[in-house]
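# Summary of structural features
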Amino acid sequence: MQLQDALYNWLSIKKVADKRPDDKAAQDTYDFFEEILEEDHHVSERKVRKEDEMYVIHYWIDGEEYSKKFPVELIDALLHSIEAEPRYNNQ
């Protein structure tokens, strides 16, 4: 998996996992993408902030800082889809 895809998936599921702390599937998926970032891409740290209509991920690889932007609408789409599906809201 490419780093950009891993960051996108990590942030999308992070939004779900943060909003739904009792959702084991969301927590497990979040852990899976954390592992991909750390083991496959050697990302040691991540910080996210929202700037206007973009999420900005600051991440470090081998002590060097990088950043990547993703539209809020795309990142939040997974959470909105899950919240709109009644069968996923019977916790």
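Structure: see above.
Overview of the structure.

Okay, the packing of aromatic side chains next. This structure, assessed with the given rule, holds four aromatic pairs. Between Phe32 and Phe33 the ring centres are 5.1 Å apart and the planes differ by 75°, which places this aromatic pair in the edge-to-face class. Summarising the aromatic geometry, the rings of Tyr59 and Tyr66 are spaced 5.7 Å apart at their centres and angled 20° between planes, so their arrangement reads as stacked. Owing to a relative accessible area of 33%, Tyr66 belongs among the partly exposed residues under this scheme.

Attention shifts here to the nonpolar core. In terms of nonpolar packing, the biggest core is built from 23 residues, with Leu3, Leu7, Trp10, Leu37, Ile57 and Tyr59 touching the most fellow members. Sorting the residues of this core by element identifies helix H1 (3-19), helix H2 (24-40), strand S2 (54-61) and helix H3 (72-84) as the ones contributing at least two each. Per-element accounting of this core gives the leading share, eight residues, to H1. For Trp10, the contacting residues outside a window of four places in its chain are Tyr30, Phe33, Glu34, Leu37, Arg46, Val48 and Ile57.

Our focus in this paragraph is the pairing of strand S3 (residues 64-71). Sheet analysis places S2 next to S3, joined by eight bridges and oriented antiparallel. Note on S3: the bridge partner recorded for His58 is Ser67. In sequence, S2 turns back onto S3 through a hairpin of two residues, with Asp62 there showing a positive phi of about 50°.

Rules of the game
- Residues numbered from 1 in each chain as written.
- Predicted model: local features only at pLDDT ≥ 70, side-chain atom pairs only at ≥ 80, totals over all residues.
- Heavy atoms only, no water.
- Phe/Tyr/Trp six-rings, centres within 6.5 Å; stacked < 30°, edge-to-face > 60°.
- Buried < 20%, exposed > 50% of the residue type's maximum accessible area, 1.4 Å probe, protein only.
- Core = buried A, V, L, I, M, F, W, Y, C linked by side-chain atoms within 4.5 Å.
- Helix = DSSP H or I, 4+ residues; strand = E, 2+ residues; numbered from the N terminus.
- Contact = heavy atoms within 4.5 Å.
- Pairing = 2+ DSSP bridges.

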